[in-house]
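Structural overview
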Amino acid sequence: MRSRYSAFVVRDEGYLLRTWHPDYRPSGVDFDPAMHWTGLEIRDTAEGSMFHTTGTVTFVARYTLGGEPGQLHERSHFERHDGAWVYVNGTFTE
């Protein structure tokens, strides 16, 4: 989760697409040039250990958009695919 957040910060589309489950992967990532990520807080995790095939991470990502602060609250769902953890989807929380 932290590495995907960092990839959004530096706009590393290749990394984001490689770490997205192939069944759900978009053709590209549309970065908003006015959005600047400013912080990540992990609120909860479930499963996701070496003994699991799925896991979730609940987080708050802070940003500014056009100079205005905002927050993204999400519960991200991950699966192990070909031995690597990949992002499946997320549901917005709060």
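Quick note: structure is the one above.
Residues numbered from 1 in each chain as written. Predicted model: local features only at pLDDT ≥ 70, side-chain atom pairs only at ≥ 80, totals over all residues. Heavy atoms only, no water.

1. Overview of the nonpolar core
If you look at the biggest cluster of nonpolar residues, it comprises eight residues: Ala7, Leu16, Leu17, Trp20, Val29, Val57, Phe78 and Tyr87. Ignoring sequence-local partners within four residues, the contact set of Leu17 consists of Arg25, Pro26, Ser27, Gly28 and Val29. (Core = buried A, V, L, I, M, F, W, Y, C linked by side-chain atoms within 4.5 Å. Buried < 20%, exposed > 50% of the residue type's maximum accessible area, 1.4 Å probe, protein only. Contact = heavy atoms within 4.5 Å.)

2. Points about the pattern of salt bridges
Inspection of the entire model under this criterion finds two salt bridges. Its salt-bridge partner being Glu41, residue Arg43 comes within 3.2 Å of it at the nearest N-O pair. We note a salt bridge from Glu41 to Arg62, for which the minimum N-O separation is 3.2 Å. One end of the pair, Glu41, is in strand 1 (residues 35–47); the other, Arg62, is in strand 2 (residues 54–65), with 21 residues separating them in the sequence. When its relative accessible area of 31% is taken as the criterion, Glu41 is described as partly exposed. On the accessibility criterion, Arg62 (30% relative accessible area) is partly exposed. Linked through salt bridges whose partners overlap, the residues forming this network are Glu41, Arg43 and Arg62. (Salt bridge = Lys/Arg side-chain N within 4 Å of Asp/Glu carboxyl O. Helix = DSSP H or I, 4+ residues; strand = E, 2+ residues; numbered from the N terminus.)

3. Concerning unusual backbone geometry
Backbone geometry places Arg11, a non-glycine residue, at a positive phi of 60°. If you trace the backbone, Arg11 turns up in the loop between helix 1 (2–10) and helix 2 (13–18). Overall, Arg11 belongs to the partly exposed group, its relative accessible area being 34%. Positive phi outside glycine occurs at Asp82, with the angle close to 50°.

4. Things to note about the sheet that holds strand 3 (residues 68–81)
One open sheet accounts for four strands, arranged 1-2-3-4; its pairing is antiparallel. With one partner strand each, in any of the chains shown, strand 1 and strand 4 (84–92) form the two edges of the open sheet. Strand after strand, the sheet turns through a mean of 30° between neighbouring axes, direction not considered. With eleven bridges joining them, strand 1 and strand 2 adopt antiparallel strand pairing. If you follow Glu47 over to strand 2, its bridge partner there is Gly55. Relative to the sheet, helix 1 contacts strand 1, strand 2, strand 3 and strand 4, its axis offset from that of strand 1 by approximately 170°. (Pairing = 2+ DSSP bridges. Axes fitted to C-alpha atoms, helices over the stretch in contact; angles between N-to-C directions.)

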